[in-house]
Amino acid sequence: LIERVWQTFTPPKSYAAFLKQGETLSADPQTEAQMQMERVGRLLVAGLRDEPAAEDVADFAQLTTADWSTLLALATSLGLDPLLYDRLTVNGLNLHLPCSIRSQLQASYYRQAAYNLRLYGELGALADALHQAKIPMIVLKGAHLAATVYPDIALRKMVDIDLMVPEPQLTAAFEVVQGLGYLPLEPSAPTAPVTTLHHLPRLFKAEALTGVEIHWTIAHPGKPYALANVEDLWRRAQPVQLAGIQAMGLHPADLLLHLCLHATHHHRLVQGLRPLCDIDRVVRCYGEGFDWQAIGERAQAQKWDKGVHLMLYLAQRWFNTPVPESFLQAIQPAGFTPQRIESALRYMLLDRPPEGEISGEFSHMWRQSSLGGKVKMLLKRWFLPRTTMAEMYPVAADSPWLWIYYLVRLKDLLLRYGHPTRRLLGGDAQTHLLTDQQSLRRWLSE
Amino acid sequence: MLSPLTHVTPHPQVVATAVRREIVLLSMATSDYYTLNESGAHIWRDLQEGFSLLEISHRLVDQYDVSPARAQQSLLNLIRMLAAEQLVLVKDNTEEESN
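Considerations on the overall build of chain A
When helices and strands are counted, chain A shows 19 helices and eight strands. Considering chain A as a whole, with its 446 residues, one finds that 53% of them fall into the buried category. Of the accessible surface of chain A, which amounts to about 19800 Å², a share of 55% is contributed by carbon and sulfur atoms.

The structure is reproduced here in structure tokens:
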């Protein structure tokens, strides 16, 4: 009746690298590594679906132990192993699981349940302390989701506790949380980042499993996509029961918008598939009551529409999330192309962003569909307006010697773009990923 | 000595969550965690609701197709294991009941 699952409690494995250090994916879609990644990624998406398609069921039946190991590694690296275990079990796909893989998935599932139990214990103490100090609090993200939209708390991995308090009470909340033993890694004035960040620096406690982030809004202030009116979130917030804790949570529509914003504008899709799973769950739980038109209008008014459309489009296509087609058509932003979807796919199946630097300008130029488009952009970057040249180089805008600096400008461009161009032409996968990432970032922030 | 009249309650340092038909228990004191299968979960929920071992034993007989003797034996075995892991508090009420 009882099984002691784990001797000592260890936090869930942090996102391990799906690709080993130094290993790169080839940009050539025909190469074996690329095909394997796409196949495993597609299988993971199929395995996470509420209802897998018949062809997916057949595919799972044919997996070898090595395939399962690769699938497990990817799911683990993306923080989705407990959810994969649950979905495979519910959908009867676990019949094909090799024993060793089943044991690993099962252990991960129970471990996450215990980890989250502990985390909710910490959240309960935080909620009590803030309640006693008469500071209202909204629980954001993982701690809200795990206990409300997932069938059980084991299915959503969490890395921290995110709370939102009213901005005037930020300092008081900081002191309350500090009073429970949570401290910043570096001493800082609690209100210092209010103008630039949407939360205080993460606070840590030695014996706690996780950090705490105290938010005062849900979007970076000062950005084009900043939240216009945080009071609206408070007005719409609803009471929620989170593993026995009475708290407040965002209204489901705000929760959905926040998840889309967070995955795209904040994290640029580097969180992998997990945000899509969250979005899928939120829509399945609350979608029937959604006023999709109002959600679209809110997304557009706050300039979140690109991220909202991208995430809901992907959720609908990959997970069959019941998002109305008319909604997606209504908010489809300019510049949304299948190429963007492909970029998103590549990011969501990686556990970490590609390393290195590629400028946004360069990635934009490279992603021009035609050679003519690329040349046009290069010329535009070369022949900058005279006033811009005067700002960049030690020459007056009306100087007759300005043309010399256009030659210097060409040399600078070749130095900056030559190296990545060679790598891209040589099929270097890392550079292609960086270019995709930058291109997507640029498009999202335009 | 465990008997059907012994009063058993979940340890206050233990938290639990339902996962599927099972229950995961976490000892906040030791950070060890455990799973209870479906019937174990049934017993744990009954303990949480304050049922006596005698009542739980009757409920097991009703719920599962087992003899009273087997239900009682399984229940007492589980309680012994839970007590050994300090997941429950055991208070012997035999004396009180006989008075």
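Resuming the write-up.
Some points on the pairing of strand β6 (residues 211-215) of chain A
Residues and elements named next belong to chain A. Among the five residues of β6, five are classified as buried, and the element is accordingly described as predominantly covered. Burial along β6 is two-sided: the residues G211, E213 and H215 and V212 and I214 are all buried. Of the strand pairs in this sheet, strand β3 (residues 160-164) and β6 are connected by five bridges, and their pairing is parallel. Note on β6: the bridge partner recorded for L163 is I214.

Brief notes about the packing of aromatic side chains
Residue and element names in this part refer to chain A. Tallied over the full model, the rule gives 10 aromatic pairs over all chains. Centroid distance Y393 to Y405: 5.9 Å. Interplanar angle 35°. Geometry classified as tilted. One end of the pair, Y393, is in the loop between α17 (386-392) and α18 (402-425); the other, Y405, is in helix α18, with 12 residues separating them in the sequence. Y393 gets classed as buried once you look at its relative accessible area, which sits at 11%. Using a relative accessible area of 22% as the deciding quantity, one classes Y405 as partly exposed. Taken together, Y85, Y109 and Y110 form an aromatic cluster joined through their ring pairs.

What to know about the layout of surface pockets
Considering only enclosed or pocket space, the second largest pocket measures out at about 290 Å³ in volume. Only α5 (99-132) of chain A together with β2 (14-19) and α1 (38-48) of chain B provide two or more residues apiece to the lining of the second largest pocket. With five residues, α5 of chain A is the largest single contributor of residues to the lining of the second largest pocket. Broken down by class, the residue content of the lining of the second largest pocket amounts to 10 nonpolar, five polar and one charged.

Here we look at the interface of chain B and chain A
Between chain B and chain A, the residue contacts involve 26 residues of the former and 23 residues of the latter. Across the interface of chain B and chain A, roughly 2100 Å² is buried in total on both sides, 62% from carbon and sulfur atoms. When residues of chain B are sorted by the area they lose upon contact with chain A, R20, Y33 and T35 of chain B head the list and together hold 36% of the total. Linking chain B to chain A there are one salt bridge. One salt bridge connects D86 of chain A with R20 of chain B, and the closest N-O pair in it is separated by 2.9 Å. Applying the counting criterion to the chain B and chain A interface returns three residue pairs in polar contact (both at pLDDT 80 or more). Counting only elements with at least two residues in the side of chain B that touches chain A, the list comes to β2, β3 (22-27), β4 (33-36), α1 and α3 (68-84) of chain B. Counting residues per element, the side of chain B that touches chain A draws most heavily on β2 of chain B, at five residues.

Looking at the nonpolar core
Judged by nonpolar contacts, the single largest core of 124 residues is most densely connected at L273 and L312 of chain A. In terms of residues, this core owes the most to one element, α5 of chain A, which gives 15 residues. Look past the residues within four positions of L273 of chain A in its chain and what remains in contact with it is L44, V45, L48, L78, L80, W318, F319, M348 and L349 of chain A. Grouped together as the second largest cluster of nonpolar side chains are 22 residues, L2, L36, I43 and L76 of chain B included.

A look at the packing of helix α3 (residues 65-77) of chain A against helix α4 (residues 81-90) of chain A
Residues and elements named next belong to chain A. Their axes nearest at 8 Å, the elements α3 and α4 cross at an angle of 130°. Taken together, the axes of α3 and α4 are oblique relative to one another. Contacts between α3 and α4 involve W68, L71, A75 and T76 from the former and D81, L84 and L88 from the latter. For the contact of α3 with α4, the class distribution of residues is five nonpolar, one polar and one charged.

Thresholds, definitions, all that
Residues numbered from 1 in each chain as written. Chains lettered and ligands numbered in written order. Predicted model: local features only at pLDDT ≥ 70, side-chain atom pairs only at ≥ 80, totals over all residues. Heavy atoms only, no water. Helix = DSSP H or I, 4+ residues; strand = E, 2+ residues; numbered from the N terminus. Buried < 20%, exposed > 50% of the residue type's maximum accessible area, 1.4 Å probe, protein only. Areas by Shrake-Rupley, 256 points an atom, 1.4 Å probe, with all protein chains shown as cover. Pairing = 2+ DSSP bridges. Phe/Tyr/Trp six-rings, centres within 6.5 Å; stacked < 30°, edge-to-face > 60°. 1 Å grid on protein atoms, 1.4 Å probe; cavity = no way out; pocket = protein on both sides within 12 Å on 5 of 7 lines; lining within 4 Å. Points joined across faces, edges and corners; volume = space filled by probe spheres on them. Nonpolar A, V, L, I, M, F, W, Y, C, P; charged D, E, K, R; others polar. Contact = heavy atoms within 4.5 Å. Buried area = accessible area lost by both parts, 1.4 Å probe. Salt bridge = Lys/Arg side-chain N within 4 Å of Asp/Glu carboxyl O. Polar contact = N/O pair within 3.5 Å; in protein donor to acceptor, adjacent residues only side chain to side chain. Core = buried A, V, L, I, M, F, W, Y, C linked by side-chain atoms within 4.5 Å. Axes fitted to C-alpha atoms, helices over the stretch in contact; angles between N-to-C directions. Parallel < 35°, antiparallel > 145°, perpendicular 65-115°, else oblique.

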